[in-house]
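The primary structure of each chain is shown beneath.
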Amino acid sequence: MNSIKFLDLQKINAQYAAQLKQVAADVIDSGWFLMGKQLDNFETNLAEFNGVKHAIGVANGLDALRLILKAYIDLGVMKEGDEVIVPANTYIASLLAISDNKLVPVLVEPNQKTFNIDFDLIERSITSKTKAIMVVHLYGQVCWDEKLEILAKKHNLKIIEDNAQAIGAEYKGTKTGNLGDAAGFSFYPGKNLGALGDAGAVTTNDDALAEQVRALGNYGSKQKYVNEFQGLNSRLDEIQAGFLDVKLKYIDTENQYRRQIAERYLTEITNPLIQLPFPINSNVKVGENKEHSWHLFVVRTQDRNRLQKYLAENDIQTLIHYPIPPNKQLAYAVMNHLDFPVTNDIHNEVLSLPISPVLANEEVTKVIEAINLFSI
Ligand SMILES: *Cc1c(COP(=O)(O)O)cnc(C)c1O
């Protein structure tokens, strides 16, 4: 067998090549490249998929989050210097969206098992300046709880979902991206719904926020050459919107296939050196459990670097999400002194196994067999 790629993007998109090429041809022939019918269709279909009132296409996932916060500032919900609570072990984009708006990211440790923000640690980090909690559905596992809703209501906080990794996941029948006040999506090529380039979206049920995000992503303008706000240029190209609209039709099927792989890993990996992820509803069969989109299948082990090397020697490619926590990055030198032991352990111990809608059953078997033979 050939080597097993972590993620075979060529193979993923080859499934839809005829339709994608047709979209490209249609857009080229139309001569209309921005803010046209491809974007309209995709926004309508994404909103419907998520059961949410508004979906606004933007240039990428980071911009989706930046624009939500910028819009809240314009609407007077928050102001420069206010605080936004965010998990310490997230991808750095969540923090960048906050600090780019001159808001202050306040880091909170994750739960050891879910990898998501520890709901019990949030309240002690709330101050008079806290205006929002940014939850991140990390690795595709839903980060939601009644405790969170009660806390947000009690302290009058907005809940913003970083839904970059969890499109199609659900909490009690409601899709991520429709749980909080607003959500940012990424359609980076490697995400579960991947464009053929950069793309993102904002979803919300809040009319005023939607209107503001839409204006801010287009130079702060609602009417051409009339600029009410200092906006950005963050638009979703027609060609990418068209590609995404093709692939959106298959996201549930693809996520379901990921759940089947996850179920095999969870039941067949039996090596005691490997700690498996904990799906929230582990009492439900994983194949039917929609509380996870299985963007990544992340295991933990004390000997992570050796496991990665061993798997590479067995022609199995793995990745680390992520090797360095945001508060230890040079970009956040002001936070380098902060210590988050749970976050540190996670960054030292995690390894992401191949999981994707085109990973063959024999490949899954090979990964399982190799991991079960790993020893000290
Ligand atoms: C990918 C990602 C982003 C950023 O999305 P881009 O489209 O790459 O800008 C933000 N947050 C998380 C958790 C992500 O995984």
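The paragraphs below set out a description of the structure included in this document. (Residues numbered from 1 in each chain as written. Predicted model: local features only at pLDDT ≥ 70, side-chain atom pairs only at ≥ 80, totals over all residues. Heavy atoms only, no water.)

## Some thoughts on the site of the ligand
- Neighbouring the ligand are the residues Asn-60, Gly-61, Leu-62, Tyr-91, Ala-93, Val-136, Asp-162, Ala-164, Gln-165, Ser-186, Lys-191 and Tyr-322.
- Backbone polar atom of Gly-61 to an oxygen atom of the ligand: 2.8 Å apart, as the coordinates give it.
- Here an oxygen atom of the ligand sits 2.9 Å away from a polar atom, N or O, in the main chain of Leu-62.
- Contact with the protein chains removes 90% of the 380 Å² of surface that the ligand exposes when unbound.
- If you map the ligand onto the pockets, it falls in the largest pocket.
- Of the residues in the shell around the ligand, the class split is six nonpolar, four polar and two charged. (Near = heavy atom within 4 Å. Polar contact = N/O pair within 3.5 Å; in protein donor to acceptor, adjacent residues only side chain to side chain. Areas by Shrake-Rupley, 256 points an atom, 1.4 Å probe, with all protein chains shown as cover. 1 Å grid on protein atoms, 1.4 Å probe; cavity = no way out; pocket = protein on both sides within 12 Å on 5 of 7 lines; lining within 4 Å. Sits in = over half its atoms within 2 Å of the grid points. Nonpolar A, V, L, I, M, F, W, Y, C, P; charged D, E, K, R; others polar.)

## Comments concerning unusual backbone geometry
- Following His-321, the chain continues to Tyr-322 via a peptide bond in cis, the omega torsion being 10°.
- Here Tyr-322 is to be found in the loop between α11 (304-313) and α12 (341-349).
- We note that Phe-115 has phi near 70°; this positive angle belongs to a residue other than glycine.
- Mapped onto the elements of the fold, Phe-115 is located in the loop between β3 (104-108) and α6 (119-122). (Helix = DSSP H or I, 4+ residues; strand = E, 2+ residues; numbered from the N terminus.)

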